[in-house]
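These are the residues of each chain, in order.
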Amino acid sequence: MNQTIEVRGARSYPVVVGNDLFGQVVSSIPTSATRVAVIHPRALRATGDRIREDLGEFFSAISIEIPDAEDAKTVEVLNYCWTVLGDNGFTRSDALVAVGGGTTTDLAGFVAATWLRGVPVVQVPTTLLGMVDAAVGGKTGINTAAGKNLVGAFHEPAAVICDLDTLVELPHPEMVSGMAEVIKCGLIADPMILEIVQSSPQAVLKADSDSLREVVTRSIQVKADVVGADFKESLDVTLGREVLNYGHTLGHAIERNERYRWRHGPAISVGMVYVAELARLAGRLADDVVDLHREVLGAVGLPTSYDGQFAPLLEAMKRDKKTRGDTLRFVILSDVARPEMLIGPDPALVAAAYAQVQS
């Protein structure tokens, strides 16, 4: 059965989870549109063409093919997309459809946010990571030499269509990578996710399993609840949407240090173990919860350690979006489903925690 989760905000929108959902893409396009651009990576040309052909029965539809993975999230690719839209006369009433993983939905969302100061976009994530994280919430952006996702905008989609059938052919490492964000949602808000993963770690990695469907739906609900309460990650909110960045401070630093050769999920996995160790050293988290991090992440094949020098990682963390001035800020836990902020920790603790995850 298909399920719909409503993400509430300035403009509420549905996230549909189920099977055989490509037909719902057409009905999600605003009726005001006459032109639709399908943005997809090179690796998903066949899927993008299929959706473009479906849309072509109702709209003037074109394809915009972009590079695969993080190579898509650049100023050059962004400019290419703008050029195609301009050449084809796209107006504010027209729409975009993003088909692909998190890098595609991030880029396409930013294209939509910036073209004529905002046009509708329907997100069609085709990876586990995209479904439970990148495509939901309205965060969009690209990478720069200074770091990941430092340039972007908030732009709510018209709808998010999560067709679980697209996961059937997803490579196993991509399923494992996406599971990091699933487990994150369990750690910060929904312990039932952790129970499901621990009881059936192999089943949650299978596209056709009830276990996967449930953890995907639960993870999206966690994100919907958080985003609905704090859409733009307000600076005056002590702990709102920032909670979704659990593990991301070191995780993003690792991704940048590895020049994005590491997948997002493995990097965030190490980042979550790191902040658990940091919270333990700060006297805020019990040993058994730190151990739980390693157990549940390791159960699905995610790494819990990293071999790299700390100095460049620390410099990257200082440029993290949560940092205020020269003060490092980390989302930590005091227990499962009890997130809080750790602001300006002792530099000795910051380094000591990394020693606990350094392989």
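Residues numbered from 1 in each chain as written. Predicted model: local features only at pLDDT ≥ 70, side-chain atom pairs only at ≥ 80, totals over all residues. Heavy atoms only, no water.

Participant: Help me understand the pairing of strand E2 (residues 13-18) in this model?
Facilitator: Along any regular strand, the residues point their side chains to alternate faces of the sheet. Counting buried residues along E2, five of its six residues qualify, which places the element largely inside the surrounding structure. Here strand E1 (residues 3-7) pairs with E2 via five bridges, running antiparallel. Bridging from a neighbouring strand, Ile-5 pairs with Val-15 of E2. Where E1 hands over to E2, the hairpin turn is made up of five residues, counted between the paired strands. Two strands pair when backbone bridges link them, and E2 and strand E9 (residues 159-163) are joined in this way by four bridges, in the parallel orientation. (Buried < 20%, exposed > 50% of the residue type's maximum accessible area, 1.4 Å probe, protein only. Helix = DSSP H or I, 4+ residues; strand = E, 2+ residues; numbered from the N terminus. Pairing = 2+ DSSP bridges.)

Participant: Just checking my understanding: could you explain the packing of aromatic side chains for this structure?
Facilitator: Each aromatic ring pair is characterised by the separation of its centres together with the angle its planes make. On inspection of all chains with the given rule, the structure shows three aromatic pairs. Plain terms: the ring middles of Trp-262 and Tyr-306 are 5.2 Å apart, the flat faces sit at 90° to each other, and that makes the pair edge-to-face. One end of the pair, Trp-262, is in the loop between helix H9 (248-257) and helix H10 (264-281); the other, Tyr-306, is in the loop between helix H11 (287-299) and helix H12 (310-318), with 44 residues separating them in the sequence. Exposure remark for Tyr-306: the relative accessible area of 1% places this residue in the buried category. Ring plane angle 25° and centroid distance 5.0 Å describe the contact between Phe-310 and Tyr-354, whose orientation is recorded as stacked. (Phe/Tyr/Trp six-rings, centres within 6.5 Å; stacked < 30°, edge-to-face > 60°.)

Participant: So what exactly am I meant to see when it comes to the pattern of salt bridges here?
Facilitator: Pairing between side chains of opposite charge can happen when their charged atoms approach one another. Tallying each qualifying case throughout the model produces 18 salt bridges. With a shortest N-O distance of 2.8 Å, Asp-106 and Lys-73 are connected by a salt bridge. Note that Asp-106 is positioned in helix H4 (residues 102-114) and Lys-73 in the loop between strand E4 (60-66) and helix H3 (75-87), a separation of 33 residues in sequence. On the accessibility criterion, Asp-106 (10% relative accessible area) is buried. Look at Lys-73 and you get buried, because its relative accessible area is 1%. (Salt bridge = Lys/Arg side-chain N within 4 Å of Asp/Glu carboxyl O.)

Participant: When you look at the environment of Ala-311 in this model, what are you seeing that I'm missing?
Facilitator: If you trace the backbone, Ala-311 turns up in helix H12. Remark: the alpha-carbon pair of Ala-311 and Leu-281, spanning 30 residues in sequence, is separated by 20 Å.

Participant: I would appreciate a short explanation of the state of the cysteines in the present structure.
Facilitator: Two cysteines, two sulfur atoms, one covalent bond between them: this is a disulfide. All told, the structure shown has zero disulfides when counted by the stated rule. Here Cys-185 stays free of any disulfide, with the sulfur of Cys-162 as its closest cysteine sulfur at 12 Å. Residue Cys-185 is classed as buried on the basis of its relative accessible area of 2%. (Disulfide = S-S within 2.5 Å.)

Participant: Where do I start with the nonpolar core in this structure?
Facilitator: Soluble globular proteins tend to bury their nonpolar side chains together. Core analysis: the biggest nonpolar cluster contains 80 residues, and Val-15, Met-179, Ile-183, Tyr-246, Tyr-274, Met-317 and Phe-330 have the highest contact counts within it. Among the elements that take part in this core, H10 stands out by supplying ten residues, more than any other. Setting aside chain neighbours within four positions, we find Tyr-246 in contact with Lys-184, Leu-187, Ile-188, Ile-268, Met-272, Val-275, Ala-276, His-293, Val-331, Ile-332 and Leu-333. In this structure, Val-77, Val-84, Leu-85 and Leu-96 belong to the second largest nonpolar core, which totals 23 residues. (Core = buried A, V, L, I, M, F, W, Y, C linked by side-chain atoms within 4.5 Å. Contact = heavy atoms within 4.5 Å.)

Participant: Can you help me understand the side chain of Asp-106 in this one?
Facilitator: At 2.8 Å, the side chain of Asp-106 and the side chain of Lys-73 are in polar contact. Non-local contacts of Asp-106, meaning those with residues more than four positions away in its chain, are made with Lys-73, Ala-134, Lys-139, Thr-140, Gly-141 and Asn-149. (Polar contact = N/O pair within 3.5 Å; in protein donor to acceptor, adjacent residues only side chain to side chain.)

Participant: Quick question: what am I supposed to make of the packing of helix H6 (residues 172-188) against helix H7 (residues 191-199) here?
Facilitator: Each pair of packed helices can be described by the angle between their axes along with the distance between the axes. Across the interface, H6 lies against H7 with an axial gap of 6 Å and an inter-helix angle of 130°. Between H6 and H7, the crossing angle belongs to the class labelled oblique. In this structure, the crossing between H6 and H7 has a hand that is left-handed. The residues of H7 that touch H6, namely those facing Met-179, Val-182, Ile-183, Cys-185, Gly-186 and Leu-187, are Pro-191, Ile-193, Leu-194 and Val-197. Its residues placed into classes, the contact of H6 with H7 shows nine nonpolar, one polar and no charged. (Axes fitted to C-alpha atoms, helices over the stretch in contact; angles between N-to-C directions. Parallel < 35°, antiparallel > 145°, perpendicular 65-115°, else oblique. Left-handed = near helix turned anticlockwise from the far one by under 90°. Nonpolar A, V, L, I, M, F, W, Y, C, P; charged D, E, K, R; others polar.)

Participant: Quick question: what am I supposed to make of the sheet that holds strand E3 (residues 35-41) here?
Facilitator: Paired through backbone hydrogen bonds, the strands of a sheet run either parallel or antiparallel to each other. Spatial strand order, E1-E2-E9-E6-E5-E3-E4: seven strands in an open sheet with mixed pairing. Of all the strands in the sheet, the pair left with one neighbour each is E1 and E4. Strand after strand, the sheet turns through a mean of 15° between neighbouring axes, direction not considered. The pairing of strand E6 (residues 121-125) with E9 spans two bridges and is classified as parallel. Of the residues in E9, the one forming a bridge with Val-122 is Ala-159. Lying on the sheet, H3 is in contact with E3, E4 and strand E5 (95-100); it crosses E4 at an angle near 160°.

Taken by themselves, the reported measurements are silent on function.
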